[in-house]
Amino acid sequence: LDFWAPETVSLVTVGHRADFRAEYEVVYDIQALLEKSGMPYEIMIGNVQEAVHTQRDSNIRAVHSYVKYNDLDTINAWSANIAAQNSGLVSRSQLGTSYEGRPIYLLKVGKSGSNKKAVVLDCGFHAREWISVAFCQWFVKEAVEKYGSDTQLTNLLNNLDFYVVPVLNVDGYAYTWSTNRMWRKTRSVNSGTTCIGTDPNRNFNAGWCTVGASSRACDDTYCGSSPESERETKALANFIRNNLSSIKGYLTIHSYSQMLLFPYSYSYAVAKDHTELNTVAKNAVSQLTSLYKTKYTYGAGGTTIYLAAGGSDDWAYDAGVKYSFTFELRDTGRYGFLLPESQIQATSQETILAVRSIATHILNNA
């Protein structure tokens, strides 16, 4: 079974729902077992292959679009283009190089100024979470289009720098387009096994490989051979370490389950800034919900969703980035990782309200 939520069978708990995908050959056996057990169940997606096809509402993919899912080449061309056309507000550099040799790009969004505080925003940690990748593009679009006319956004861009990583797990994302739509991990080779890849969000030195992570290379939550064993996670961690004096916020965008989480996820320990982070999350969720009434849950990761070690948010927090949050975007399981393109705009619009709320708090309090 391919567990979607939670991410592995070991995290399934009594009283909580679990979403999983089953191969066609075993569907009827599983249904029979569920019927026999008396457990309530619901078929959310009857045919995943069909949903993969219909997820892209149109097959016209020649040009970049903010309301469609774009492949990696299209996104890379877009990031070069938007930086070239908006040089006063956006610049592009290379964060690092992936295992397979692809560039990992970084967009710096904000008016140039001295001693500016910064917020890191990354998307595409997990390859199959396409709505995450779509959101980072939308965020940059909004900054470019509304700078100068939107008072709040203009103030944020004048006084903060946003470092945006449109796709962190570039190899995995490319693989979801070419080969396996449901791929999650990186594409690095693991010695001693034919199983490929590491879960980049179990690969940070934050309770590394203790809970909610697997030491088996074949598992989707494989923690890697050591912390930061992956070139992608190492590149991100190095960037944050090298810029710790200015980076005050870290927002990592995932899907799905409509949650806003903050440290800790690797233990039930209460973060020293718990009360403030909880208030920031509450206000951000309130802003998000105000637009389309989308319901979000918020709180510390370990108690709100489940224990999971090696996450980038916990690592960033322990490294000194106080305002560290993980977004889990739409939905709650109806489409799961196959959120239709028709929801990109609404999802991005509501999420930006939450990001603005957090960024405003950082600007005024960090």
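Residues numbered from 1 in each chain as written. Predicted model: local features only at pLDDT ≥ 70, side-chain atom pairs only at ≥ 80, totals over all residues. Heavy atoms only, no water.

Our next topic: the overall build of the protein chain. Scanning the protein chain from terminus to terminus reveals 11 helices and 10 strands. Computed over its C-alpha atoms, the radius of gyration of the protein chain comes to 20 Å, within 12% of the 21 Å expected for a compact globule of 366 residues. Taken along its principal axes, the extent of the C-alpha atoms in the protein chain is 65 × 50 × 45 Å. Counting all 366 residues of the protein chain, 55% fall into the buried class. Taking all contacts inside the protein chain whose residues are at least 6 apart in sequence as the whole, residues at least 24 apart take part in 73%. A total accessible area of about 15600 Å² is found for the protein chain, and carbon and sulfur atoms account for 50% of it. Side chains of the protein chain give 33 positive and 35 negative charges; the mean places of these two sets differ by 6 Å. (Helix = DSSP H or I, 4+ residues; strand = E, 2+ residues; numbered from the N terminus. Rg over C-alpha atoms; globule rule 2.2 N^0.38 Å. Buried < 20%, exposed > 50% of the residue type's maximum accessible area, 1.4 Å probe, protein only. Contact = heavy atoms within 4.5 Å. Areas by Shrake-Rupley, 256 points an atom, 1.4 Å probe, with all protein chains shown as cover. Lys, Arg positive; Asp, Glu negative; His and termini not counted. Charge placed at Lys NZ, Arg CZ, Asp CG, Glu CD.)

UniProt annotation of "active site" (unreviewed entry) refers to Glu328 when read in the numbering used here. Not counting chain neighbours up to four residues away, the residues in contact with glutamate 328 comprise His254, Ser255, Tyr256, Ser257, Gln258, Met259, Leu261 and Tyr296. There is a polar contact of 3.4 Å between the side chain of glutamate 328 and the backbone nitrogen of tyrosine 256. (UniProt positions renumbered as here; feature names shortened; annotations may be inferred. Polar contact = N/O pair within 3.5 Å; in protein donor to acceptor, adjacent residues only side chain to side chain.)

With that out of the way, let us pick up the packing of aromatic side chains. Applying the stated rule across the entire model yields 19 aromatic pairs. With 6.1 Å between their ring centres and 40° between their planes, phenylalanine 125 and phenylalanine 204 make a pair best called tilted. Remark: phenylalanine 204 occurs in the loop between helix 6 (170-178) and helix 7 (231-242) and phenylalanine 125 occurs in the loop between strand 5 (117-123) and helix 4 (130-146); sequence separation between them is 79 residues. Given a relative accessible area of 1%, phenylalanine 125 falls into the buried group. Taking 4.5 Å as the distance between ring centres and 10° as the angle between the ring planes, the aromatic pair formed by tryptophan 130 and tryptophan 177 counts as stacked. In this pair, tryptophan 130 sits in helix 4 while tryptophan 177 sits in helix 6, placing the two residues 47 residues apart along the sequence. Tryptophan 130 sits in the buried class, given a relative accessible area of 1%. Pairwise contacts between aromatic rings join Tyr69, Trp130, Tyr173 and Trp177 into one cluster. A cation over a ring is seen here: arginine 181 above tryptophan 130, with NZ or CZ 3.7 Å from the ring centre. The ring centre of tryptophan 183 lies 4.6 Å from the NZ or CZ of arginine 187, which sits over that ring. (Phe/Tyr/Trp six-rings, centres within 6.5 Å; stacked < 30°, edge-to-face > 60°. Lys NZ or Arg CZ within 6 Å of the ring centre and 35° of its normal.)

For the rest of this paragraph, the subject is unusual backbone geometry. Omega for the bond connecting serine 255 with tyrosine 256 falls within 30 degrees of zero, at 5°, which places this linkage in the cis form. With respect to the element layout, tyrosine 256 can be found in the loop between strand 7 (247-255) and strand 8 (259-262). A cis amide bond links arginine 330 to the next residue, aspartate 331, at an omega of -5°. Tracing the chain through its elements places aspartate 331 in the loop between strand 10 (323-329) and helix 11 (344-365).

What follows deals with the state of the cysteines. Under the counting rule described, the total for this entry stands at three disulfides. Disulfide pairing places cysteine 123 opposite cysteine 136 at an S-S distance of 2.1 Å. Handedness here is read from the sign of the S-S torsion; for cysteine 123 and cysteine 136, about 80°, the answer is right-handed. Separated by 13 residues along the polypeptide, cysteine 123 in strand 5 and cysteine 136 in helix 4 bring together distant segments of the chain. Here cysteine 123 falls in the buried class, since its relative accessible area comes to 0%. The disulfide partner of cysteine 209 is cysteine 223, and the gap between their sulfur atoms is 2.2 Å. Around the S-S axis, the bridge from cysteine 209 to cysteine 223 shows a dihedral of about -70° and counts as left-handed. (Disulfide = S-S within 2.5 Å.)

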